[in-house]
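Summary of the model geometry
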Amino acid sequence: MKTALCLLLLTTTVGCFDVEQVDPCAGTTPFLVDDFEDDDVLASPPFERWSCSGFNPDGNPQAVNDCGKISRDEENEAFMGDFTLTDVENELQEFTGASLSTSSTRTFDLGCYRAIGLSAKFVPGNPPPPAKYYVELTCQSATSGGTPGPYSVIREIDLTSSWLRFPLSLSNFRQPTWQTNALDGGEKACLARVDGVGLLLSTNLGDGDTGSGVLYIDDVLFE
Amino acid sequence: MSCSSKAFSRLGALLVAHACACSPSTEPAGESYTRIDDMEGEGSRIPWQAPHTDSGAGTGRWQSFADIGCSSLVPPPTSLDADRWTFTDVPKPYTTFSGASSTRAARLSTTEPLVNTWGAGMRFDFTSTVDSVEPSTEPPPDDLPCPTAERDLSEWPAEAVDLRDYRGVTFFGMADAAAGTTRVSVLLLDRNSDPRGLVCDETQASATECFNSFASEVELGPDFKRFQVDFSDLSQDPQWGYRLDEPDLEHVYGVAFQVFTPGGVCPEGAVCPGDPPSLTFDIWIDDVYFVNR
């Protein structure tokens, strides 16, 4: 009788166990990349210092007139880059551009984040460049066909000369069309190993044409 | 009798400590260690002798390294034939392994900021196939070139050694926070990351670039404290260079202690606000031992 009761209890007890669901993203809190309110231009680790750079041609410091923090209003600061961009006159259109960015020597897994939020604006100079604007997340260690990048995923945004706040779902980031080799594992593979955050200005300047303007970024946050 | 010249077990350590009239040790029970260098000797060579080498290589050497500003580093990085490596008296002798008292340590410091460079460091090889080197006592010139900036370690020929009998390394370390950064990376220079292994590519920015060694970071405090780095905890920078799943413990050239510029460098061709990134530090490493399996 005692044995039967024990067996019954054991059976009942075993039958009552739940399989505990472990949420790997439990406890994930928003990650502030930078609000530019401290005394430096270093983003939150693992991201490093912010910089301004021109591309196409790459590594073009002459494109940068000014780079640094700037007062957004009486209380808040932001980061800005003042650019003059010239498409090199060579009978080709290079789609010259500029960026504000921070990078890291380590990767950051965005798998538990749903969006990146940031504030941005672009104040055109004279002449203003015809341009498109992108938020870019770089992933140099991602591969295509087993070969490392550099690769990235981007999301186009519309900037005006007034501050706008962008909550951008990470599920809408795509590999840019200028990267012709598809990422192994798709965009998710890149988002799992992000090593840089940037705001890109990509111009459509004609061959030999010049355009200028000031690009601003603030309050960059993974949500 | 040497206080710690061979691999020793806990019991052996106590016996050695007793024989040396040392005070009780600080190492945890159950661990045993093998001395690589206690820094109490002269010159730049480590006492640890690899048990088996194909070439009959001698013991390895300490050296400092950087890509720029080598006249601002003490001891300065030099070519092998101008070896200026020295150990430094510790501010106050302290108790290390087996209750031994340490009076000297490896110290690397800056006299001027190193500007917009990845960092600097000091390292030792486990072996050296160059027999004798006449150390230089001349002060380094102001325009001292950085021999390691050429990314060519062929001047320090060495044979890789098998470390599979060891679980990791342990050492004492401290840093002066007033002098600058106190975070140090401990790197294992294995065949796949060291150009002498002829596996990776010395060419900067190549897909299989060398120098991305398996590493771990430690934060040094104001007083000497023991750190332990298990080989199983080491990882590579996932961004660049030749990358594998694990270090090649069968073929290891040496161990490095590197300091990186906080906040990183300003990327080439980019414009960064403010003063250029700079690096200063004053770090001490002492009593480096293997942790036996």
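Heads up: the structure comes first, above all this text.
Before going into details, it helps to say that this report is about the structure given with it. Here the structure is a predicted model, which means the values were calculated and not measured. (Residues numbered from 1 in each chain as written. Chains lettered and ligands numbered in written order. Predicted model: local features only at pLDDT ≥ 70, side-chain atom pairs only at ≥ 80, totals over all residues. Heavy atoms only, no water.)

1. Digging into the sheet that holds strand 11 (residues 183–190) of chain B
Residue and element names in this part refer to chain B. Here 5 strands make up an open sheet; going across it, the order is 3-8-14-11-12 and the pairing antiparallel. With partners counted over all chains shown, the strands left at the sheet margins are strand 3 (62–66) and strand 12 (214–219), one partner each. This sheet shows a mean twist of 25° between the axes of neighbouring strands, independent of strand direction. Here 5 bridges tie strand 3 to strand 8 (residues 119–125), and the two strands are oriented antiparallel to one another. (Pairing = 2+ DSSP bridges. Helix = DSSP H or I, 4+ residues; strand = E, 2+ residues; numbered from the N terminus. Axes fitted to C-alpha atoms, helices over the stretch in contact; angles between N-to-C directions.)

2. Quick word on the interface of chain A and chain B
With 23 residues of chain A at the contact, the number on the chain B side is 18 residues. When the two sides are added together, the surface that chain A and chain B hide from each other amounts to roughly 1500 Å², 55% of it contributed by carbon and sulfur. When residues of chain A are sorted by the area they lose upon contact with chain B, R49(A), T105(A) and R106(A) head the list and together hold 31% of the total. At the junction of chain A and chain B, the tally comes to 0 salt bridges. At the junction of chain A and chain B, the tally comes to 4 residue pairs in polar contact (both at pLDDT 80 or more). Those elements that provide at least two residues to the side of chain A that touches chain B are strand 2 (50–55), strand 3 (64–71) and strand 5 (97–108) of chain A. (Contact = heavy atoms within 4.5 Å. Buried area = accessible area lost by both parts, 1.4 Å probe. Salt bridge = Lys/Arg side-chain N within 4 Å of Asp/Glu carboxyl O. Polar contact = N/O pair within 3.5 Å; in protein donor to acceptor, adjacent residues only side chain to side chain.)

3. Some words on the side chain of T127(B)
Residue and element names in this part refer to chain B. Relative to the helices and strands, T127 resides in strand 9 (residues 127–128). A distance of 2.7 Å separates a polar side-chain atom of T127 from the backbone oxygen of E159. With residues near it in sequence (within four places) discarded, T127 still touches A50, T53, A57, G58, T59, G60, A158, E159 and V161.

4. Notes on the pairing of strand 2 of chain A
Residues and elements named next belong to chain A. Judged by how many residues are buried, strand 2 sits mostly within the fold: 6 of 6 residues are covered. Of the two faces of strand 2, the one holding W50, C52 and G54 and the one holding S51, S53 and F55 are both buried throughout. Looking at chain direction, strand 2 and strand 5 are connected through 6 bridges and run antiparallel. When the bridges of strand 5 are listed, G54 appears paired with A98. (Buried < 20%, exposed > 50% of the residue type's maximum accessible area, 1.4 Å probe, protein only.)

5. Section: the pairing of strand 6 (residues 115–124) of chain A
Residue and element names in this part refer to chain A. In terms of burial, strand 6 is largely enclosed, as 8 of its 10 residues are buried. Examined bridge by bridge, strand 6 and strand 11 (residues 164–169) share 6 bridges and lie antiparallel to one another. Bridge pairing in strand 11 places G117 opposite P167. Here strand 6 runs beside strand 13 (residues 210–222); their pairing, made up of 8 bridges, is antiparallel.

6. What to know about the packing of aromatic side chains
With the rule as written, the count across this model stands at 35 aromatic pairs over all chains. Taken together, a centroid distance of 5.2 Å and an interplanar angle of 75° make the contact between F171(B) and F257(B) edge-to-face. Placement of F171(B) in strand 10 (residues 166–175) and of F257(B) in strand 14 (residues 252–260) is noted, with a sequence separation of 86 residues between them. When sorted by exposure, F171(B) lands in the same class as F257(B), which is buried. Geometrically, the ring pair formed by F224(B) and W284(B) is edge-to-face, given 6.2 Å between the ring centres and 85° between the ring planes. A residue pair is termed long-range when its members are at least 10 positions apart, and F224(B) in the loop between strand 12 and strand 13 (225–230) and W284(B) in strand 16 (residues 282–292) qualify at 60 residues. For the pair F224(B) and W284(B), one class covers both residues: buried. Taken together, the ring pairs connect W48(B), W62(B), W85(B), F87(B), F124(B), F126(B), Y166(B), F171(B), F227(B), F257(B) and F290(B) into an aromatic cluster. Here R72(A) stacks its cationic end above the ring of W163(A), 4.0 Å away from the centre of that ring. Here the basic side chain of K121(A) rests over the ring of Y216(A), its NZ or CZ set 4.6 Å away from the ring centre. (Phe/Tyr/Trp six-rings, centres within 6.5 Å; stacked < 30°, edge-to-face > 60°. Lys NZ or Arg CZ within 6 Å of the ring centre and 35° of its normal.)

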